[in-house]
Amino acid sequence: MWSASWVATALLLTAVAASALEFATREEIALGSPGRRVVSVKVNGDDLPDYVFATDHGLAVLLGAREAKFSSPTSIRLSVAPAFLVSGDFDGDGRADTASASITEPSVRVAYGDGDGGFGQAQALATSGRVLFLHSADVNSDGRSDLLVGSGDGVILFRGKARAEFHEPQTIDTQGVEGRWFTTADLNGDGRVELIVLETGGEAVGIFEADEQEAFVPRQASF
């Protein structure tokens with residue numbers, strides 16, 4: 001966690017004569033409360049990067065502006081401070097959404113983007129236990145981002161559906177390993193996403209692939 005209530009943004013400039021990159025300017029932008037996580041995502045219609053921060057009070061949105069500037073942060077209040085933050089397009093409308101979760105509340109809060117840099121009221125998605133990790137990926141290639149929630153029982157998959165809706169959650173059996181650290185990737189180029197889970201002690205990795213019923217089953221594990 002950052003101890004200061006501001007974030008230092010390094011503006012990257014190219015030193016052409018020296019054929020090197022230099023961080024020449026630093027701009028401090030007040031967030032209002034300490035930041036915990038950050039994601040880079042385009043939340044409005046321009047071609048500039050925007051940033052969403054998880055803070056002690058909820059979320060803070062910084063919109064990119066010309067000449068390497070940013071807008072004043074827009075705050076989204078949440079009832080608990082988020083410890084995890086991901087972005088995606090969970091309803092497939094082409095607009096960026098966010099999902100966040102705390103380590104004390106058994107739920108994930110999803111805020112849907114309006115395409116103009118704002119987000120609607122965050123909606124709670126109940127989980128079976130406290131959240132240990134959060135990841136976003138389109139696991140079935142339907143154009144909608146899905147949520148993968150780490151828990152003490154493994155990984156819970158919420159497939160994106162329509163606005164403010166997800167399919168019924170599916171618990172992925174990770175063979176007794178808690179869902180604390182995992183990611184997704186198409187490891188063999190077959191167009192299907194695999195789930196890669198790191199064992200709690202960091203000494204083993206399990207790979208799970210989607211079958212014809214879109215359920216994840218072990219392909220290789222060294223747990």
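Cut-offs applied
- Residues numbered from 1 in each chain as written.
- Predicted model: local features only at pLDDT ≥ 70, side-chain atom pairs only at ≥ 80, totals over all residues.
- Heavy atoms only, no water.
- Core = buried A, V, L, I, M, F, W, Y, C linked by side-chain atoms within 4.5 Å.
- Buried < 20%, exposed > 50% of the residue type's maximum accessible area, 1.4 Å probe, protein only.
- Helix = DSSP H or I, 4+ residues; strand = E, 2+ residues; numbered from the N terminus.
- Contact = heavy atoms within 4.5 Å.
- Polar contact = N/O pair within 3.5 Å; in protein donor to acceptor, adjacent residues only side chain to side chain.

Things to note about the nonpolar core
Membership of the largest hydrophobic core comes to 17 residues, with the highest contact counts inside it found for Ala-99, Val-108, Val-110, Leu-134, Leu-147 and Phe-166. Counting residues per element, the ones that place at least two in this core are strand S9 (84–88), strand S10 (97–101), strand S11 (107–111), strand S14 (146–151) and strand S15 (154–158). Once residues lying within four places of it in the same chain are set aside, the contact partners of Phe-166 are Phe-90, Val-110, Tyr-112, Leu-125, Leu-147, Phe-158, Arg-159, Gly-160 and Lys-161.

What to know about the environment of Gly-154
Here Gly-154 lies in strand S15. Looking at Gly-154, the relative accessible area reads 0%, which means it is buried. Each C-alpha atom of the pair Gly-154 and Thr-171 lies 7.2 Å from the other, and the pair is 17 residues apart in sequence. In contact with Gly-154, not counting residues within four places along its chain, are Val-149, Ile-172, Thr-174, Val-177 and Gly-179.

So, the side chain of Arg-109
As for its position among the elements, Arg-109 is in strand S11. A polar contact is formed between the side chain of Arg-109 and the side chain of Ser-79, at a distance of 3.2 Å. A polar atom in the side chain of Arg-109 sits 3.2 Å from the side chain of Glu-105. Each residue touching Arg-109, except ones within four places of it in the same chain, is listed here: Leu-78, Ser-79, Thr-98, Ala-99, Ser-100, Ala-122, Gln-123 and Ala-124.

Keep in mind these numbers describe shape, not what the thing actually does.
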